[in-house]
Amino acid sequence: MILGDIGTDPKAVRMWVPLVGLPPRLRLSALSGAGHFCALRHGVARWKDVAARHSRAWSDFHPQLLPSQGFGDSPSWMPRCRFEAGHYITSPRLAETVVRILWGKQDACKLFLECNPGPGILTQALLERGARVIALESDRTFIPHLESLGKNLSGKLDVIHCDFFKLDPRNLGVVKPNVTSQLLFQNLGIEALPWSRGIPLKVVGIFPTKNERKTLWKLLHDIYSCSSIYRYGRVELNLFITEKECQKLMANPQNPRLYQALSVLWQVACEVELLHVEPWSSFDIYTQNRQQEKPKSRESLEEMKQNLCFIRLTPRRNLFTENLTPVNYDVFFHMLKQCFMKRNAKLIDHLHSLSPVDAMDILKQTRKKEKTKITNMYPRDFKHLFETIECSKDYSCKWLYDDFMEDLAM
């Protein structure tokens, strides 16, 4: 359904459906059989045990909820040992600043999914502006207070005990509280929008500092595969992130020291906007049982000297094309990871190891010189490079693949 909305052949959708639920290695192997991808060396087609209930296909885009399922049936406890202290907005001034920024964008979407609102200062500010808020709180001790904020607001506030950043784990494990995005959105009556249309909802919150980088990679996979929350369309993220990671996300050839595969993938996928910068000291830390905590460790004190950046990540309407799709996106990831492993090398040297397609011909089509280095290329150049290789008609095998790259963390 989505692929039809982004301008691809509807017949191709039926052909791609069986591949969507496969593990990456099997998906790449299947693509090689279709003539899109040539997987070399050992281990590419190793089977992994994947439970049938976890496989995804485009027919899941409007999944049917089983009558017996509901939020009341999901576990509502979290083991004490797994609780992590969180940062929360507790300043009414900061909450008003965030709401003013969010309201400054002229669009029709006023549905907000707030991640770990804690004491609910931002929640209240959003409700007072007339927004509908879905508060996803991982610490159940905050929930009674959050529920009290919406008592007289005619269904404008829904409070759910779950952690947004642990929805739909990619390792197919079970996270408690056990709430999936599919179950969550269906119970709340949130409908999917085609990728080519508007924003179905906006996410607002603070990135978890402990697993910030892993979370960024997980969200990237969700965007490019149109899975998890992105089954429902171009969900907009409005999140506070550490200044260090923000600089990497927004880096380009003008600041090569910070420029990396993560920068390219986010900028290709989304319009990245820096909206506001706030000192760490504006955010309070709470432990279990809503106890406020002062930073003790040296690392925490160093963090307090930095800033948090409020950024907006809006998926691009034109992200997907005939040659970059939710099926072959992992090849694009592989290409970028391999390029940035030797970031100071020339592009032509990487082309020889990435693809059997004539390197000089690729340079000519992409209008790049032989001396061009990886760090000289902008995100749009990498996308153009990938699509140029993908649409090469004279080669049955387009890519050379080394399977050790699959799980490499950049």
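Since this is a predicted model, take the numbers as computed values, not measurements.

(A) Local environment of the overall build of the protein chain. Across its full length, the protein chain carries 15 helices and 10 strands. Buried residues in the protein chain amount to 52% of all 410 residues. The long-range fraction of contacts in the protein chain, counting pairs at least 24 apart against all pairs at least 6 apart in sequence, stands at 77%. A total accessible area of about 19,400 Å² is found for the protein chain, and carbon and sulfur atoms account for 49% of it.

(B) Seen up close, the packing of aromatic side chains. A full pass over the atoms with the stated rule returns 18 aromatic pairs. Taken together, a centroid distance of 6.2 Å and an interplanar angle of 50 degrees make the contact between Y224 and F332 tilted. Linking Y224 in helix α8 (residues 212-225) with F332 in helix α12 (residues 329-341), this pair joins segments that are 108 residues apart in sequence. Residue F332 is classed as buried on the basis of its relative accessible area of 0%. Judged by centre distance (6.4 Å) and plane angle (70 degrees), the rings of W280 and F283 are edge-to-face.

(C) Region of the structure containing the side chain of S355. Tracing the backbone through its elements, the reader meets S355 in the loop between α13 (347-354) and α14 (359-366). The class of S355 is buried, set by a relative accessible area of 6%. At 3.1 Å, the side chain of S355 forms a polar contact with the backbone nitrogen of V357. In this structure the side chain of S355 is engaged in a polar contact, spanning 2.6 Å, whose partner is the backbone oxygen of K398. If we ignore the near neighbours within four places in the chain, the residues touching S355 are I389, K398, W399 and L400.

(D) Structural context of the environment of L219. Structurally, L219 is set in helix α8. Sequence spacing of L219 and F165 is 54 residues, and the spatial spacing of their C-alpha atoms is 8.9 Å. Contacts of L219, omitting those with residues within four sequence positions, involve F207, Y230, L237 and W266.

(E) Highlighting the sheet that holds strand β6 (residues 236-242). An order of β4-β3-β2-β5-β6-β10-β7 is seen for the seven strands of this open sheet, with the pairing classed as mixed. Edge positions in the sheet fall to β4 (157-161) and β7 (270-279), since each has one partner strand and no second. Strand-to-strand, the axes of this sheet are offset by a mean angle of 20 degrees, without reference to chain direction. Where strand β5 (residues 202-206) lies against β6, five bridges are found, and the strand directions are parallel. Bridging from a neighbouring strand, I206 pairs with F240 of β6. Each of β6, β7 and β10 (307-315) touches helix α10 (residues 261-269); the most contacted strand, β7, lies at about 110 degrees to it.

(F) Broad picture of the environment of I374. With respect to the element layout, I374 can be found in the loop between α14 and α15 (379-390). For the pair I374 and K342, spaced 32 residues apart in the sequence, the C-alpha separation amounts to 8.3 Å. Beyond its immediate stretch of four places on either side in the chain, I374 contacts Y259, C339, F340, K342, R343, A345, L347, H350 and F382.

(G) Representation of α14 in the model. Among the residues making up α14, those that are buried are A359, I362, L363 and T366. Taken down its axis, α14 places every buried residue within 100 degrees of arc, on the same side. Among the residues of α14, the N-terminal cap falls to D358, whose side-chain oxygen and the backbone nitrogen of M360 are separated by 3.3 Å. One or two positions beyond α14, positive phi appears at R367, with a value near 60 degrees.

(H) Representation of the nonpolar core. Core analysis: the largest hydrophobic core is formed by 78 residues, its most contacted members being F164, Y224, L237, W266, M335 and F382. In terms of residue count, α12 provides more of this core than any other element does, eight residues in total. Sequence-distant contacts of Y224, that is, excluding residues within four places in its chain, are made with L265, V268, A269, L319, F320, L324, T325, P326, Y329, F332 and F333. Within the second largest apolar cluster, 30 residues are counted, among which are L94, L102, L157 and F310.

(I) Representation of the packing of helix α4 (residues 92-104) against helix α5 (residues 121-128) in the model. Between α4 and α5, whose axes approach to 9 Å, the crossing angle comes to 45 degrees. As summarised for this structure, α4 and α5 are arranged oblique, according to the angle between their axes. α5 is crossed by α4, and the crossing has right-handed handedness. Residues P92, A95, E96, V98, V99, L102 and W103 of α4 pack against I121, L122, A125, L126 and E128 of α5. Classifying every residue of the contact of α4 with α5 gives 10 nonpolar, no polar and two charged.

(J) Representation of the confidence of the model for the protein chain within the structure. Considering every residue of the protein chain, the mean pLDDT works out to 78; 71% of them sit at 70 or more. Helix α2 (residues 10-16) is the least confidently modelled element of the protein chain, averaging 34 in pLDDT, while α10 averages 98, the highest of any element. Low pLDDT, under 50, characterises residues 404-410; the stretch is placed with 18 contacts to residues that sit more than four places away or in other chains.

(K) Examining the pairing of strand β3 (residues 132-137) more closely. Among the six residues that make up β3, five are buried, leaving the element largely enclosed by the rest of the structure. Where strand β2 (residues 111-115) meets β3, five bridges bridge the pair, whose relative direction is parallel. The residue bridging L111 from the neighbouring strand is R132, located in β3. Viewed along the sheet, the connection from β2 through α5 into β3 turns out right-handed. Direction of pairing for β3 relative to β4: parallel, over a ladder of five bridges. Paired with A135 across the two strands is V159, which belongs to β4. Since β3 and β4 lie parallel, the crossover through helix α6 (residues 143-149) that links them has a hand, and here it is right-handed.

Conventions and cut-offs
Residues numbered from 1 in each chain as written. Predicted model: local features only at pLDDT ≥ 70, side-chain atom pairs only at ≥ 80, totals over all residues. Heavy atoms only, no water. Helix = DSSP H or I, 4+ residues; strand = E, 2+ residues; numbered from the N terminus. Buried < 20%, exposed > 50% of the residue type's maximum accessible area, 1.4 Å probe, protein only. Contact = heavy atoms within 4.5 Å. Areas by Shrake-Rupley, 256 points an atom, 1.4 Å probe, with all protein chains shown as cover. Phe/Tyr/Trp six-rings, centres within 6.5 Å; stacked < 30°, edge-to-face > 60°. Polar contact = N/O pair within 3.5 Å; in protein donor to acceptor, adjacent residues only side chain to side chain. Pairing = 2+ DSSP bridges. Axes fitted to C-alpha atoms, helices over the stretch in contact; angles between N-to-C directions. Arc of directions from axis to C-beta. Core = buried A, V, L, I, M, F, W, Y, C linked by side-chain atoms within 4.5 Å. Parallel < 35°, antiparallel > 145°, perpendicular 65-115°, else oblique. Left-handed = near helix turned anticlockwise from the far one by under 90°. Nonpolar A, V, L, I, M, F, W, Y, C, P; charged D, E, K, R; others polar. pLDDT = per-residue confidence, 0-100. Right-handed = clockwise from strand over helix to strand, strands pointing away.

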